[in-house]
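Okay, here's what each chain looks like letter by letter:
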Amino acid sequence: MRDLGAGFRYLLKGQKWVGRHGRQYGFGLLPGLITLVLYAGALVALALWGSGLIDWATPFADDWADPWAGLFRGFLTAVLFALALLLCVLTFTAMTLLVGQPFYESLSERVDRDVSPDGTAPESDLPLWRELWISARDSLRIVARAAVWAVMLFALGFVPVAGQTVVPVIGLFVTGFFLTEELTAVALQRRGVEVRERLALLRSRKTLVWGFGTPLALAFLVPFVAVFLMPGAVAGATLMARDLTGEETEDGDGAAKRQEDVNAP
């Protein structure tokens, strides 16, 4: 239970950190806004032409008597839109991190330097194109795993009682785990931690991960909210990554105060 509270505190500390660094926060908003516009456009297109796509995919229902063909196709259209919405929630973080790789990389490094006792941050020696490739490859792997969980949980949602009570709660915890993996990947990738090692590291501290990711998953159900929380989530995930790798961390406020004392005449 202690780890559960620690995870939530990292989430709050990350939001507090970006609150003290307005410029970093402003830059961190841009990728989320871009991704939100892209996803909103895709969902609007699906809402406009989804029924036509279902009609095209179900020619066998053309000869069905009314109202069965309309009900069947209407149900499939609703299922298609619900699945698309669920995938948007699950993949929003991965896509935003991919779009904003340079922004979040810089933000994560700033957090590392701010809380590191010696004022340094781990740096990747890889060129930007290589980092983007690794990030895209790893994100696809995580999204594939998340999609399997999404389909399974969606199917279980039709189970009476449990589908409307237990399954949504499990879904939040699963989503929180994958959100945390994507967010900590920014800091852990700079440390040379591969995706399998990251997953093993996170599984070893599940309650810490859930304490961080589950409240975030609940907030991220509203993509517009996710845009504003993303910079702080990256900052908090960087702090948590330091905990997971056993690195010493100093309080950001104390570090800032010492720096002011050094610069004072």
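What you are looking at is a predicted structure, and each value in this text was computed from that prediction instead of being measured.

Q: Pulling in residues and values, what's your account of a nonpolar patch on the surface?
A: Residues Trp-149, Met-152, Leu-156, Val-159, Val-166 and Ile-170 make up a contiguous nonpolar surface patch of roughly 470 Å² in combined accessible area. Contributing elements (two or more residues each) for the nonpolar patch: helix 5 (128-156) and helix 6 (162-190). Of all the elements, helix 5 adds the most residues to the nonpolar patch, at three residues. Mapped onto the secondary structure, Trp-149 falls in helix 5. On the basis of relative accessible area, Trp-149 is assigned to the partly exposed category, the value being 35%.

Q: Explain the pattern of salt bridges to me, and be specific about the residues and the numbers.
A: Counted under the stated rule, the structure contains 12 salt bridges. Close ionic contact of Asp-112 with Arg-190 constitutes a salt bridge, the shortest N to O distance being 2.6 Å. With Asp-112 in helix 4 (residues 101-115) and Arg-190 in helix 6, this pair connects stretches of sequence that are 78 residues apart. Each of the two residues, Asp-112 as well as Arg-190, counts as buried. For Arg-198, the salt bridge identified is with Glu-181, shortest N-O distance 2.8 Å. Of this pair, Arg-198 sits in helix 7 (residues 195-203) while Glu-181 sits in helix 6; the two residues are 17 residues apart in sequence, bridging distant segments of the chain.

Q: Tell me what's going on with the packing of helix 6 against helix 8 (residues 206-219), and back it up with residues and numbers.
A: For the pair helix 6 and helix 8, interaxial distance at closest approach is 7 Å and the crossing angle is 105 degrees. Between helix 6 and helix 8, the angle falls in the class roughly perpendicular. Contact residues: helix 6 offers Leu-172, Phe-173, Thr-175, Gly-176, Phe-177, Leu-179, Thr-180 and Leu-183, while helix 8 offers Val-209, Trp-210, Phe-212, Gly-213, Thr-214, Leu-216, Ala-217 and Leu-218. Among the residues making up the contact of helix 6 with helix 8, the classes are represented as 11 nonpolar, five polar and no charged.

Q: Requested: an account of the environment of Lys-16, with residues and values cited.
A: Within the element layout of this structure, Lys-16 appears in helix 1 (residues 2-20). For Lys-16, a relative accessible area of 47% puts it in the partly exposed group. For the pair Lys-16 and Ala-235, spaced 219 residues apart in sequence, the C-alpha separation works out to 9.1 Å.

Q: Tell me what's going on with a positive patch on the surface, and back it up with residues and numbers.
A: On the surface, Arg-145, Arg-196, Arg-203 and Lys-206 cluster together into a positively charged patch. Inspection of the secondary structure puts Arg-203 in helix 7.

Q: How would you explain the environment of Gln-15 if you had to name every residue and give the values?
A: Inspection of the secondary structure puts Gln-15 in helix 1. On the basis of relative accessible area, Gln-15 is assigned to the partly exposed category, the value being 23%. When the C-alpha positions of Gln-15 and Gly-232 are compared, they lie 4.1 Å apart, and in sequence the two are 217 residues distant. Among all residues touching Gln-15, those that are not within four sequence positions of it are Phe-228, Leu-229, Gly-232 and Ala-233.

Q: Requested: an account of the layout of surface pockets, with residues and values cited.
A: Taken as a whole, the largest pocket holds about 450 Å³ of empty space. What lines the largest pocket is a set of 20 residues, among which Leu-86, Pro-168, Gly-171, Thr-175 and Leu-221 lie closest to the centre. When residues of the lining of the largest pocket are assigned to their parent elements, the largest contribution, seven residues, is made by helix 6. Classifying every residue of the lining of the largest pocket gives 16 nonpolar, four polar and no charged.

Q: Can you break down the packing of aromatic side chains residue by residue, with the values?
A: Taken as a whole and assessed by the stated rule, the structure comprises five aromatic pairs. Seen in terms of ring centroids, Phe-173 and Trp-210 are 5.3 Å apart; in terms of plane orientation they differ by 85 degrees. Their pairing is edge-to-face. Taken together, the residues Phe-173 in helix 6 and Trp-210 in helix 8 connect sequence positions 37 residues apart. According to the relative accessible area criterion, Phe-173 is partly exposed, its value standing at 31%. Put simply, the rings of Phe-60, Trp-64 and Phe-72 pair up and form one aromatic cluster.

Here is what the cut-offs are and how they apply
Residues numbered from 1 in each chain as written. Predicted model: local features only at pLDDT ≥ 70, side-chain atom pairs only at ≥ 80, totals over all residues. Heavy atoms only, no water. Patch = residues over 30% accessible without salt bridge, like charges linked within 9 Å, V, L, I, M, F, W, Y side chains within 5 Å. Areas by Shrake-Rupley, 256 points an atom, 1.4 Å probe, with all protein chains shown as cover. Salt bridge = Lys/Arg side-chain N within 4 Å of Asp/Glu carboxyl O. Helix = DSSP H or I, 4+ residues; strand = E, 2+ residues; numbered from the N terminus. Buried < 20%, exposed > 50% of the residue type's maximum accessible area, 1.4 Å probe, protein only. Axes fitted to C-alpha atoms, helices over the stretch in contact; angles between N-to-C directions. Parallel < 35°, antiparallel > 145°, perpendicular 65-115°, else oblique. Contact = heavy atoms within 4.5 Å. Nonpolar A, V, L, I, M, F, W, Y, C, P; charged D, E, K, R; others polar. Lys, Arg positive; Asp, Glu negative; His and termini not counted. Charge placed at Lys NZ, Arg CZ, Asp CG, Glu CD. 1 Å grid on protein atoms, 1.4 Å probe; cavity = no way out; pocket = protein on both sides within 12 Å on 5 of 7 lines; lining within 4 Å. Points joined across faces, edges and corners; volume = space filled by probe spheres on them. Phe/Tyr/Trp six-rings, centres within 6.5 Å; stacked < 30°, edge-to-face > 60°.

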